[in-house]
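Analysis of the macromolecular model
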Amino acid sequence: MSEMILSDMEEIKINTDVLVVGGGYTGLKAAKGISDSGYSVVLIESDTIIGGEKNPLSFIGIDVTAQDELKRLVDDVAADDAVNVLMNTRLVSAAGVPGDFTIRLATSDGDLEKKIGAIVVATNFSNKPLSGAYGLSLSDSVLTLSQLEYLLSGSDRDRLSNKTIAFMVGFAQEGDALVMERILSNVLAVESIGGCTTYVFAGNLKVASDGLERAYLESRDKGATYFKLKTMPTISPDGESISFIDPVLRKKMELSPDVIVIEEEILADEMNPLLAAILRIDVGPGGFLQTDNIHRFPVQSNREGIFVIGGTRDVQNIPTALMDVENAVLEINHLLKDGKIVVPKNKAVLDIGKCTFCITCYRLCPHGAIYWDNTNKPVISPVACQGCGICASDCPMDAIQIGNYSDAEIMDKIKSNGSAAPDDLRIVAFCCQNSAYEAGLMADAFQMETPANLQVIKVPCAGKVDLDYIMKAFVEGADGVLVMACHPGNCKSEKGNTYAEWRVVDAHRMLEETGLEKERLGFVTLASNMGIGFSSAVVDLENRLKALGTSPFNK
Amino acid sequence: MIVAERKPFEEIKALVKDFNRVLTVGCGTCVAVCLAGGEKEVGILNTELTIARKVDGNPIELGGVTVERQCDMEFLDELDGMIDQYDALISLACGAGIQFLAERFPDKPVLPGVNTTFIGANRDVGWYEEKCRACGNCCLGLTGGICPVTMCAKSLFNGPCGGTNHESCEISPDQPCAWHMIYERLSKQNRLDSIIEIFPPNDWLNTTPRTIVQPAYKERKAAR
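**Points about the state of the cysteines**
Residues and elements named next belong to chain B. A complete count under the given rule lists 0 disulfides over all chains for this structure. Of the cysteine sulfurs around Cys30, a residue in no disulfide, the closest is that of Cys94, at 6.4 Å. As a non-bridged cysteine, Cys132 has Cys147 as the owner of its nearest cysteine sulfur, 6.1 Å distant.

**Things to note about helix 7 (residues 318-336) of chain A**
Residue and element names in this part refer to chain A. Taking 1.5 Å per residue as the helical rise, helix 7 with its 19 residues ought to reach 27 Å, and the 27 Å between its terminal C-alpha atoms agrees with that figure. The set of residues buried in helix 7 consists of Ile318, Ala321, Asp324, Val325, Ala328, Val329, Glu331, Ile332, Leu335 and Leu336. Down the axis of helix 7, the buried set is contained in an arc of 165 degrees. They therefore lie on one face. Turned more than 90 degrees from where helix 7 packs its buried face, Pro319, Met323, Glu326, Leu330 and His334 sit exposed. At its buried positions, helix 7 is contacted by strand 2 (18-21), helix 1 (25-36), helix 2 (64-79), strand 8 (118-121), strand 19 (306-308) and strand 20 (340-344). Note on helix 7: the residue one or two positions beyond its end, Lys337, has a positive phi of about 45 degrees.

**So, the side chain of Gln455 of chain A**
All names here are of chain A. Looking at the element boundaries, Gln455 is found in strand 26 (residues 453-459). Exposure remark for Gln455: the relative accessible area of 14% places this residue in the buried category. Within the structure, Gln455 has its side chain in polar contact with the backbone oxygen of Lys413 (distance 2.4 Å). The residues contacting Gln455, other than those within four sequence positions of it, are Lys413, Ile414, Ser416, Arg426, Ile427, Val428 and Ala429.

**What about the sheet that holds strand 11 (residues 164-169) of chain A?**
All names here are of chain A. Strand order in the open sheet formed by 5 strands is 10-17-11-12-13, with parallel pairing between adjacent strands. Strands with a single pairing partner mark the edges of an open sheet, and in this sheet they are strand 10 (142-144) and strand 13 (225-228). For this sheet, the mean angle separating the axes of adjacent strands, direction not counted, is 20 degrees. The pairing of strand 11 with strand 17 (residues 259-262) spans 4 bridges and is classified as parallel. What sits directly across from Phe167, in strand 17, is Val261. Sheet strands in contact with helix 3 (residues 145-153) are strand 10, strand 11 and strand 17, and its direction is about 90 degrees off that of strand 10.

**Comments concerning the domain arrangement of chain A**
All names here are of chain A. Its domain assignment divides chain A into domain 1 (9-125 + 268-341), domain 2 (127-266), domain 3 (355-388 + 395-401) and domain 4 (406-554). Domain 1 puts 7 residues into the contact, and the matching count from domain 4 is 6 residues. The contact between domain 1 and domain 4 buries some 520 Å² in all, and 35% of this surface belongs to carbon and sulfur atoms. In this structure, the connection of domain 1 to domain 4 is made through 2 salt bridges. Asp282 is the partner of Lys495 in a salt bridge, and the nearest nitrogen-oxygen pair spans 3.9 Å. Taken together, domain 1 and domain 4 are joined by 6 residue pairs in polar contact (both at pLDDT 80 or more). Taken together, the residues that form the side of domain 1 that touches domain 4 break down as 1 nonpolar, 3 polar and 3 charged.

**Let's talk about the domain arrangement of chain B**
When its domains are assigned, chain B resolves into domain 1 (2-119) and domain 2 (135-200). On a C-alpha basis, the centroid separation for the pair domain 1 of chain B and domain 2 of chain B is 39 Å.

**A look at the packing of helix 1 of chain A against helix 7 of chain A**
All names here are of chain A. Between helix 1 and helix 7, the least distance of the axes is 9 Å, while the angle of their chain directions is 35 degrees. Here the hand of the crossing between helix 1 and helix 7 comes out right-handed. Here Tyr25, Thr26, Lys29, Ala30, Gly33 and Ile34 of helix 1 lie close against helix 7, whose contacting residues are Ile318, Ala321, Leu322, Val325, Val329 and Ile332.

Cut-offs applied
- Residues numbered from 1 in each chain as written.
- Chains lettered and ligands numbered in written order.
- Predicted model: local features only at pLDDT ≥ 70, side-chain atom pairs only at ≥ 80, totals over all residues.
- Heavy atoms only, no water.
- Disulfide = S-S within 2.5 Å.
- Helix = DSSP H or I, 4+ residues; strand = E, 2+ residues; numbered from the N terminus.
- Expected span 1.5 Å × (residues − 1).
- Buried < 20%, exposed > 50% of the residue type's maximum accessible area, 1.4 Å probe, protein only.
- Arc of directions from axis to C-beta.
- Contact = heavy atoms within 4.5 Å.
- Polar contact = N/O pair within 3.5 Å; in protein donor to acceptor, adjacent residues only side chain to side chain.
- Pairing = 2+ DSSP bridges.
- Axes fitted to C-alpha atoms, helices over the stretch in contact; angles between N-to-C directions.
- Domains from an automatic or database assignment.
- Buried area = accessible area lost by both parts, 1.4 Å probe.
- Salt bridge = Lys/Arg side-chain N within 4 Å of Asp/Glu carboxyl O.
- Nonpolar A, V, L, I, M, F, W, Y, C, P; charged D, E, K, R; others polar.
- Left-handed = near helix turned anticlockwise from the far one by under 90°.

Put into structure tokens, the structure is as follows:
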């Protein structure tokens, strides 16, 4: 079977303006990069200034190079005619699809509607002080990491000279490499001030990131003392004394620092849930706007044309965030080209006559590829559609057909019985092309055991497996049916495997009602390299079927 | 929209037990939108019946067709010529559609495949909530857009009753008190004075079969 038929392509015109949400470091950098590629940019920032001067150190910390770069960026963006900066502005709605979004912005001068082609989301982290978890209140001698950074970057940094400074990290949270990176860069900065003595109390040292091991050793070489404790040391409520058992000397120790610096938790931007709802993109762990899914390459969201960069999608340090910016610029160039792009015509085709406009497809499309226009019928964007077929399998009127996987084509395959001997038990396996289908090819190539009359039907996603296909397969003489999907969290269309599993549960209920043994139907998740898993799943079903005997339709 | 749900399979199976050739007729409007009686559900019901009757050793021959709306006679015309091959019809339309289908083909047994449940709204895919009891005398203008006939267990036009329990109804802590919700909504809109207004008793005699002729078409009806 050929893949998408390339002759069925058409050229369409798209809008090439880009919206960048967030005027922080990554947002500015992205706006400049996209503008340098020749596209017009609308940059919106909810604050009254760009570059985040109000909270200058939340992301770039005390990295002087980054601070200088940020200042330069603010000037560059201001001087760039192709970047329209709107401050005091929020995104209110975003309808449509890549190449043709209609966004509404709430500005200080009222609402504004704009047409744009792509969206880059560049929100910032927020830092949550963890002093409460240490039983401390913030004061002149109890500082958060951000407060220390502010002090170190300012003119009164000498206030810290000849002081004893104790850092607390890894007791109030699991933490991550970025928290550690911030701690280490601050320890190094403090040590460069004359006469400072530095202690670091650490529950754990997360150094699994570029250069952190080196920074840790360097800080020790320069005189920092580390205490790796299993439990939080006892700190007096005024922060003036720290007592703990030194695990090396096995002695009770007491320390009276001049300043205690408390770790911070790095959290996703508070605006993220609202932005995700407006943009119809998935929210991942911790409120960051990218899910843990191997198919989400850097900066990709579940929707084509909407890119998530830097602190929007994950806890990241500056080099990674800058890599995100470059990736986003590449993606934008790749998507928007010169405003004319070639798209397949038959990825998903809607029969307007059959459509009853129930908007089930709109609600289920995991890629946000379906919208409706003023003709009051759904439109499936050929740019955004990934051809997974989730919409088609839930359409109550069977009004959507997927190129190469139409209902008629799949029914033909369900009906064809190959060249197997009549006595062999017939198994129909619906296999996702991203996992089980490949695993099946592997099982074949390595001559692993498979049933004699196994019919593999390739589907673009397990979410394409219609309840009707499963049930019809039994009517057409399948003794057993398997629905084979990607592992949880691995679905390219995010929820196709989940929908497939729910459908199998529903089909089990139906089979029970009809009196046909529900054990004839199975659901399995596989990865593409699991040839053995494929083989054992189909052989297991064959063994179950041997005990059940042939289906009534084959008698 | 009218919301229906598929009848339990056992019940449909029992309804068609004496028939060997059955046509299942779907409806492409409300019941398709609420995922109970469109083309997909016609196919699935037929497949289920085919399997069940095969397992029972009493095979059935089934046809399936979905018309635009069973509550408009004109759309039923397309079934002419198809009906003769069948002993009975299953309709997956709402009660109105089933009755029109039965009226249009009075010689054939027409059997319901769904239970027509309520007038409701669609919260998410496959999730519907009752919103209207078709009482024939809408009071939503006074009640902040929340229907007490539907949402209040006693269908009180002038509430709440003594059973309002903080935010819930006395029948269950999970059932919000309609009049509490109405109070909250009106309060936010600064329209609490409309809760004082007494809504007159409804004419419950209107529960006899009602006919509505829109004003612009009264002459047309009279001329028929």
